[in-house]
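What follows is each chain in one-letter form.
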Amino acid sequence: MADSHHQVWQRAVVVTVEEIATGIRRIVLRPELPRPTRPGEHVDVRVLVDGAPVVRSYSVVDAAADGSELALSVFRTPASRGGSVFMHSIGAGQTLEITQPLQNFPLRIGAPSYVLLAGGIGITAVAGMAALLRRLGADYRLVYAGRSRPAMAYLEELAALHGDRLQAHVDDEGGALDVDGLVAGVPEGAELYMCGPIRLMDAVRRAWAERGLDRTGLRYETFGNSGWFEAQPFLVRIPRLGVEAVVGSDESMLEALEREGVDMMSDCRKGECGLCQVKVLDRAARIDHRDVFYSDRQKEPGTAMCCCVSRAVPAAPVTTSDERPSAVLTIDVP
Ligand code: FES
C-alpha cells in the first residue's frame, strides 16, 4: 500500500531481537516486499504509543544484499516519546508495519575524503556508509562518540572492520569529543555526514560555519528525538480555531494537533523540511527547538517552530503540583 508520500507500507516479521549494548536492541526484520537497501536509508515503523498508532523512523543499520532481512537498532531513551518503549516490547515472530527503505540521507560518492560522525545511537545511520566507503577504497574517517563502551553499539565490530580509521571518543574514559578540534581537522573539500544528539550536531554546525566551510559539505540525519530539555507535557492553543490540546511527553505537538482534527502540513516529521512550522503568537514557556531547519538566529526570537519535533518547556522551574502543564503556547497554523 502506498500512502500520500508514495511510501510503500508492508508487513515485516521480527526474526530476532537481541540486546547489543546498554539499552540498545538490534531487531532483525523480514519484510514481505524486500528490496536492496542503500547506506543512509531508514524505514518508518508504525508503533503504538498509549495504544494509538504513530510513525517513528529508524535507520537500517545493515541488510542482506537482496533486502530480504534488515536490521534496526533501537535505543530506549529515558525520556522516550514512546516509540522506543514499544520497540523494546516486541519479540521474535511478531509482525510490524514498516515502509520500504526511504532515503533522505544519501551518501554522495566521489568526494576527495569523508568524515562520518556518530553520537550514540546515531551510529545506526552512518555504519553502513562507513562499510561502503571501505569497500570503495575511499579516504574516510569514522568518528564515534558515546557515554561509555558498554553503551556504544557495534563498537567492537566497527573497530575490527575499520581499524585505525575508527576514532572512538568515550566520555567516561575522559575522551569526550572536541568538536572544534574535529572540525578544524576536516580536510579541505571533505564531506561530513553526522547523526547524533542535537547538541552535538548544533556544535558541529556552528564550528563548520565559523571555519567558513562549504555548507553543502555538511550533511546530517536527525530523527528529532533529542532536545535540550527533557520532554514534558505542555499546553497548546490555537485561538483562531478554538483548539486547545495537551501535548503529552511521548507525542509531538504535530501528533497532538492532528489528533484534535487540525489540518496540518508535514513531510519529514524529523525537523528537517520546515513544512510543519507554526507561528508562535504568545508563550508562557521556553521553546526547546529540536529541528535542524532553522538557523540559530531564526530560533532566537521564539516566534516560530517546527511542531513535528520542537516542544515547549516551563520558562522557570515548576513549583506547584498543579495537574495542568505550566508551559503554554499560543500559536497559529498556516
Ligand atoms: S515535517 Fe519536516 S520539519 Fe516538521
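Just so it is clear, the structure is predicted and the values come from calculations on it, not from any experiment.

Colleague: Account for the packing of aromatic side chains, naming residues and giving values.
Modeller: Applying the stated criterion across every chain, the model contains three aromatic pairs. Ring plane angle 35° and centroid distance 6.2 Å describe the contact between Tyr 114 and Tyr 193, whose orientation is recorded as tilted. Of the two residues, Tyr 114 sits in strand S9 (residues 114–119) while Tyr 193 sits in strand S12 (residues 191–195), which places them 79 residues apart along the sequence. Exposure class is identical for Tyr 114 and Tyr 193. Each is buried. Over the ring of Trp 9 we find Arg 46, and its NZ or CZ is 3.9 Å from the ring centre. Between the NZ or CZ atom of Arg 165 and the centre of the ring of Tyr 140, over which it lies, the distance is 4.9 Å.

Colleague: How would you summarise the sheet that holds strand S18 (residues 304–306) if you had to cite specific residues and measurements?
Modeller: The strand order across the open sheet formed by five strands is S15-S14-S20-S16-S18, and the pairing between neighbours is mixed. Lying at the two open borders of the sheet, with one neighbouring strand each, are strand S15 (243–247) and S18. Adjacent strand axes in the sheet meet at a mean angle of 35° when their direction is disregarded. Pairing of strand S14 (residues 234–238) with strand S20 (residues 328–332) involves three bridges; the strand directions are parallel. Paired with Leu 235 across the bridge in S20 is Val 328.

Colleague: So what's going on with the sheet that holds strand S10 (residues 140–146)? Residues and values would help.
Modeller: Read across the open sheet, the five strands follow the order S11-S10-S9-S12-S13; overall the sheet is parallel. Of all strands in the sheet, those bounded by a partner on one side alone are strand S11 (166–170) and strand S13 (218–221). Put simply, the sheet's adjacent strands are angled 15° from each other on average, direction ignored. Taken together, the five bridges between S9 and S12 define a ladder with parallel strand orientation. Bridge pairing in S12 places Leu 117 opposite Met 194. Of the strands in this sheet, S9, S10, S12 and S13 touch helix H2 (residues 123–136), which is tilted by about 155° from S9.

Conventions we followed
- What you see as residue numbers is a count from 1 along each chain, following the sequence as written.
- In view of the model being predicted, local features appear only for residues whose pLDDT reaches at least 70, and side-chain atom pairs are presented and counted only at 80 or more, with totals across whole chains, interfaces and linings using the full set of residues.
- No hydrogens and no water enter the side-chain calculation; it runs on all heavy atoms of the structure.
- Side-chain rings of Phe, Tyr and Trp, where Trp is taken by its six-membered ring, are said to pair if the distance between their centres is within 6.5 Å; with planes under 30 degrees apart they count as stacked, over 60 as edge-to-face, and otherwise as tilted.
- Secondary structure elements are defined from DSSP: runs of H or I of at least 4 residues count as helices, runs of E of at least 2 residues count as strands, and each element is numbered from the N terminus.
- Between buried and exposed lies partly exposed: a residue is buried under 20% and exposed over 50% of the maximum accessible area for its type, with that area taken using a 1.4 Å probe on protein chains only.
- The rule is short: NZ of Lys or CZ of Arg within 6 Å of the ring centre and within 35 degrees of the ring normal puts a charge over the ring.
- Here, a strand pair is defined by DSSP locating no fewer than two bridges between the strands.
- Axis definition: a line fit to C-alpha positions, over the contact stretch in the case of helices; interaxial angles, taken between N-to-C directions, run 0 to 180 degrees.
- Should any heavy atoms of two residues lie within 4.5 Å, those residues are counted as being in contact.

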